[in-house]
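Per-entry structural report
The chain contents come next:
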Amino acid sequence: MTALERIEAVVSLHAALDRTVSSSELPFDADALPPVTCEVVELPAPMPLPACGFPDVLQARRSRYNPAADALGADEISNVLHHSLVSSPTAGGMRELTLSFVLSRPGDELGAGVYRYARGHAEVVRLGDVREHLRASLLQPEFADVFPVLLFVVANVEGPLEKYAMRHYRTMHVDAGVLVQNLYLVTEAMGLAGCAIAGFTDGRVASLLNLATTQLPVMAFALGRPS
Ligand SMILES: Cc1cc2nc3c(=O)[nH]c(=O)nc-3n(C[C@H](O)[C@H](O)[C@H](O)COP(=O)(O)O)c2cc1C
């Protein structure tokens, strides 16, 4: 198989698996999404994580479902994204995973909308209230109501599939699992509240995040402050 054939096969396998889950019954009108922008915003430089014991963080880690109503600061979002990504190993050192985030509750520095994290800054994908689209993308829409931020782990399949066989599709999900565990641990170490989310519809998330066909949403993670 050529690299192009492997990429096409993985993209269609991912779509076929997505079709085995029924979408939310909430309507999703892609044409009503705020337009795609090409703005960039600088994020605050990441700060060192608080000095807390690894056993304490590991044992305290939980999935949280009832965060406070507050927005998060850009410094907190930047810290979670930076530390989770840089401390995550990936098979073959491939950098196929990226993080996008949807801000439902605007803070002082970042408006509501969709962002793509790019180490040190964020590309503003869409500015505006996308909460209804987010709710309709999730199998548990309440995550969009209670959490101020939802992160999405996106796998860019082109790079790895130019190098590896189609079987790497499986390994990419292991990479995503490693990243999700780091999201949990960094969130806990920072005194924030988080929850992994596998229940979403890829096609809707891809529209919301304005993903290319070779960028596959593989996991989500809700982020907030403990109540
Ligand atoms: C890969 C993964 C996917 C998950 N997806 C969901 C989800 O879609 N919805 C949800 O409510 N919880 C989800 N969770 C949270 C689990 O239900 C939770 O981790 C599990 O019940 C154990 O609880 P704990 O994390 O507090 O130890 C997910 C967790 C993982 C690791």
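Placed above this text is the structure.
Structure report, in brief. (Residues numbered from 1 in each chain as written. Predicted model: local features only at pLDDT ≥ 70, side-chain atom pairs only at ≥ 80, totals over all residues. Heavy atoms only, no water.)

**Comments concerning the pattern of salt bridges**
Where we set the bar: The term salt bridge refers to a pairing of a side-chain nitrogen on Lys or Arg with a carboxyl oxygen on Asp or Glu at a separation within 4 Å.
Scanning the model with the defined rule gives 6 salt bridges in all. Here the salt bridges share partners, and the residues they tie into one network are D70, E76 and R225.

**Thoughts on the side chain of R126**
Cut-off, in case you're wondering: Counting from the N terminus, the helices are the DSSP runs of H or I reaching at least four residues and the strands are the DSSP runs of E reaching at least two. Residue burial is assigned from relative accessible area. The probe radius is 1.4 Å, only protein chains are included, and a residue is buried under 20% of its type maximum, exposed over 50%, and partly exposed in between. In summary, the charge assignment counts Lys and Arg as positive and Asp and Glu as negative, without counting His or the chain termini. For the purposes of these results, a polar contact is taken to be a pair of N or O atoms within 3.5 Å, where, inside protein, one atom must be able to donate a hydrogen and its partner to accept one; residues adjacent in sequence count only when each atom of the pair is a side-chain atom. Contact between two residues is taken to exist if any of their heavy atoms lie within 4.5 Å; hydrogens are not considered.
Tracing the backbone shows R126 in strand 4 (residues 121–127). Buried charge without a salt bridge: R126, with D31 as the nearest opposite-charge side chain at an N-O distance of 9.0 Å. Reaching out from R126, the side chain makes a polar contact with the backbone oxygen of P34 at a distance of 2.7 Å. The contact partners of R126, leaving out residues within four places of it in the chain, are L33, P34, P35, V36, T37, A112, G113, V114, S207, L208 and N210.

**Some words on the site of the ligand**
What counts here: Any residue with a non-hydrogen atom lying within 4 Å of a molecule or strand is treated as near it. Computed by Shrake-Rupley with a 1.4 Å probe, the accessible areas treat only the displayed protein chains as cover when residues are assessed. Under the grouping applied here, Gly and all other residues not named as nonpolar or charged are polar, the nonpolar ones being Ala, Val, Leu, Ile, Met, Phe, Trp, Tyr, Cys and Pro and the charged ones Asp, Glu, Lys and Arg.
In the vicinity of the ligand lie 13 residues, with R61, S63, Y65, Q140 and A198 positioned nearest. Note that a nitrogen atom of the ligand is positioned 2.6 Å from one of the side-chain N or O atoms of Q140. In the model, an oxygen atom of the ligand is placed 3.1 Å from a nitrogen or oxygen of the G199 main chain. Protein contact buries 55% of the 610 Å² of open area that the ligand shows by itself. Tallied by class, the residues present in the shell around the ligand amount to 8 nonpolar, 3 polar and 2 charged.

**Quick look at the environment of P67**
Within the element layout of this structure, P67 appears in the loop between helix 2 (54–60) and helix 3 (74–86). Measuring from C-alpha to C-alpha, the distance between P67 and S227 comes to 4.8 Å, with 160 residues separating the pair along the chain. Aside from chain neighbours lying at most four places away, what touches P67 is V146, F147, G224, R225 and S227.

**A closer look at the pairing of strand 3 (residues 113–117)**
In plain terms, the rule: At least two DSSP bridges between two strands are needed for those strands to be called paired.
For strand 3, a buried count of 5 out of 5 residues is recorded, marking the element as mostly surrounded by other parts of the structure. Of the two faces of strand 3, the one holding G113, Y115 and Y117 and the one holding V114 and R116 are both buried throughout. Two elements, strand 2 (residues 97–103) and strand 3, share 4 bridges in a ladder whose sense is antiparallel. Residue pairing for strand 3: V102 is matched across the bridge by V114. The sheet contact formed by strand 3 and strand 4 spans 5 bridges and is antiparallel.

**Re the nonpolar core**
Worth spelling out the cut-off: In these notes, a set of buried Ala, Val, Leu, Ile, Met, Phe, Trp, Tyr and Cys residues joined through side-chain atoms within 4.5 Å is what counts as a nonpolar core.
The biggest cluster of nonpolar side chains holds 64 residues, and the ones touching the most others in it are F101, L150, L151, F152 and L209. Dropping the residues within four chain positions of it, F101 is found in contact with I77, L81, L110, G113, V114, Y115, Y117, A122, V149, L150 and L151.

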